[in-house]
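Per-entry structural report
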Amino acid sequence: MSSEDPGRSAPRTGPGAAVDSTGALPGRAVAADTEQVSAADRASGADALTCHGLRYDFGETRAVDGVDLAVRPGEVFGLLGPNGAGKTTAIRCITTLLPVPVGMVRVFGRDAARERMAVRRLLGYVPQQLSADSGLTGRENVALFARVFDVPRRERAARVAQALAAVNLTVAADRLAKTYSGGMIRRLELAQALVSAPRLLMLDEPTIGLDPIARTSVWERINEVRAATGMTVLVTTHYMDEAEQYCDRVALMHQGRIRALGTPGELREDLRARRARTAGTPAAPGTAFTPASPSPSPSPSSPSLSSLSAAEPTLEDVFRDVAGTGLDEQSGGFRDVRSTRRTAARVG
Ligand SMILES: Nc1ncnc2c1ncn2[C@@H]1O[C@H](COP(=O)(O)OP(=O)(O)OP(=O)(O)O)[C@@H](O)[C@H]1O
Ligand SMILES: [Mg+2]
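Please read these numbers as outputs of a predicted model, since none were measured by experiment. (Residues numbered from 1 in each chain as written. Chains lettered and ligands numbered in written order. Predicted model: local features only at pLDDT ≥ 70, side-chain atom pairs only at ≥ 80, totals over all residues.)

Judged by pairing direction, the sheet is antiparallel, and its four strands sit side by side in the order β2-β1-β4-β5 without closing on themselves. The open sheet terminates on both sides in strands that have one partner only, identified here as β2 (61-71) and β5 (110-111). With eight bridges connecting them, strand β1 (residues 49-58) and β2 associate as antiparallel partners. Across the sheet, Cys 51 pairs through a bridge with Leu 69, a residue of β2. (Pairing = 2+ DSSP bridges. Helix = DSSP H or I, 4+ residues; strand = E, 2+ residues; numbered from the N terminus.)

All right, on to the site of ligand 1 then. Residues in contact with ligand 1 amount to 14 residues; listed here are only the nearest, Phe 58, Ala 63, Asn 83, Thr 88 and Thr 89. Within the residue set of the shell around ligand 1, elements represented by two or more residues are β2, α3 (87-94) and α14 (334-347). If you tally residues by element for the shell around ligand 1, the top one is α3, at three residues. Of the residues belonging to the shell around ligand 1, the class tally is three nonpolar, eight polar and three charged. (Near = placed C-beta within 6 Å. Nonpolar A, V, L, I, M, F, W, Y, C, P; charged D, E, K, R; others polar.)

Here we come to the pairing of strand β8 (residues 232-236). The buried fraction of β8 amounts to five of the five residues, a majority that puts the element mostly inside the structure. Burial along β8 is two-sided: Thr 232, Leu 234 and Thr 236 and Val 233 and Val 235, pointing in opposite directions, are all buried. Two strands pair when backbone bridges link them, and strand β3 (residues 76-80) and β8 are joined in this way by four bridges, in the parallel orientation. Across the sheet, Gly 78 pairs through a bridge with Val 235, a residue of β8. Pairing of strand β7 (residues 200-204) with β8, which is carried by five bridges, proceeds in the parallel orientation. Bridge pairing in β8 links Leu 201 to Val 233. Since β7 and β8 lie parallel, the crossover through helix α8 (residues 212-229) that links them has a hand, and here it is right-handed. (Buried ≥ 20, exposed ≤ 12 C-beta atoms within 10 Å, placed from the backbone. Right-handed = clockwise from strand over helix to strand, strands pointing away.)

To continue, consider the pairing of β7. The buried fraction of β7 amounts to five of the five residues, a majority that puts the element mostly inside the structure. Of the two faces of β7, the one lined by Leu 200, Met 202 and Asp 204 and the one lined by Leu 201 and Leu 203 are each fully buried. Note: strand β6 (residues 123-126) against β7, four bridges, orientation parallel. Paired with Gly 124 across the strands is Leu 201, a residue of β7.

Note that Thr 216 resides in helix α8. We classify Thr 216 as partly exposed; it has 17 C-beta atoms within 10 Å. C-alpha separation for the pair Thr 216 and Glu 242, spaced 26 residues apart in sequence, amounts to 9.0 Å.

Moving on: the sheet that holds β8. Strand order across the open sheet formed by six strands is β6-β7-β8-β3-β9-β10, with mixed pairing between neighbours. Among the strands making up the open sheet, the edge pair consists of β6 and β10 (257-262). Pairs of neighbouring strands in the sheet enclose a mean axial angle of 15 degrees, with direction left out of account. With five bridges connecting them, strand β9 (residues 249-254) and β10 associate as antiparallel partners. Note that in β10 the partner of Met 253 across the bridge is Ile 258. (Axes fitted to C-alpha atoms, helices over the stretch in contact; angles between N-to-C directions.)

Turning our attention to the environment of Asp 174. Along the chain, Asp 174 turns up in the loop between α6 (153-166) and α7 (182-194). Remark: the alpha-carbon pair of Asp 174 and Thr 137, spanning 37 residues in sequence, is separated by 5.2 Å.

Taking 1.5 Å as the rise per residue, α6 with 14 residues should run 20 Å; its terminal C-alpha atoms sit 20 Å apart, in good agreement. Inspection of α6 places Arg 159, Val 160, Ala 161, Gln 162, Ala 163, Leu 164, Ala 165 and Ala 166 among the buried residues, and these make up the whole buried set. Phi for Asn 168, located one or two positions after α6, is positive at around 65 degrees. (Expected span 1.5 Å × (residues − 1).)

Of all eight residues that make up α3, eight are buried, and the element is covered over most of its length. All of the buried residues along α3 are Lys 87, Thr 88, Thr 89, Ala 90, Ile 91, Arg 92, Cys 93 and Ile 94. The first or second residue beyond α3 is Thr 96, which carries a positive phi of 70 degrees.

Structure (structure tokens):
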């Protein structure tokens, strides 16, 4: 879904319509506020996000088990991992929707446990589950977030219109969200997260269940706003091609822990070098990257080591290597299938 269907659109009415007609570039006014902030972020050298020893338990289940992360200002950072790895739980701790019972989380230096409101003001969040109200129009949905996130009253209509324009939903803004396609819903949720001009945008599976064109469209919108504002992005995805194409660095999470971290190229190169070593072939020079923990032994069903050493690994190979043989048992539980289906059903 690269653009909305004008034929299905209601006429544009409402407080933001006049602002749209100025032809402001998508994201521009959002950018105006944050450009200087982003320059300051970079100059200060502070990380956009720091997690240290973050742990979270649901009763007996340790969902997040000592996560250390540092996300640099302006980067797109991918948090990857199989179903149940703990990605959403970690994100909910960072966004202050869950407490930080053990460890430390800082967003641009602000402590998520002690300065919750300050952290919330720095964040935009697109949750894994539905956050748009189908009974409201696109504009009303975004306006609701503008109020919740404390966008000053006199700026609200303009900021809502700009956020809608940034995700290419101006024409459909006054239609009920229940008439939107899956790709449009996800872009609407993106507008909700962008309306507060966040310095750190957190996206939990922003493209799940979308067709390839809609996926590309969501990423194009994210990258346009990022280019205009310098905002930092933390994203989870199960699509390895997206991680490869759009993420500067990725962390692979499994069973609550970060198992490997680096650029997609570094992770692929590290696996290639390890495979070459195991197969008895000397590794190519210049492979400085080390995984966060030793990789598990190959499963009995793995291809032969000599054939693996010859092949150029993909990010998916790295993912499988990190998750190991536990992957199949870990994924696809009732909760996970239900959650994916619910998400797919609402956006499909
Ligand atoms: N509300 C909850 N109550 C109890 N256990 C939970 C709850 N939410 C998550 N869990 C458990 O915590 C662990 C981590 O789940 P989480 O949703 O963070 O994983 P995830 O990496 O986001 O998975 P997915 O890729 O399926 O979204 C899992 O074992 C899950 O069953
Ligand atoms: Mg999740």
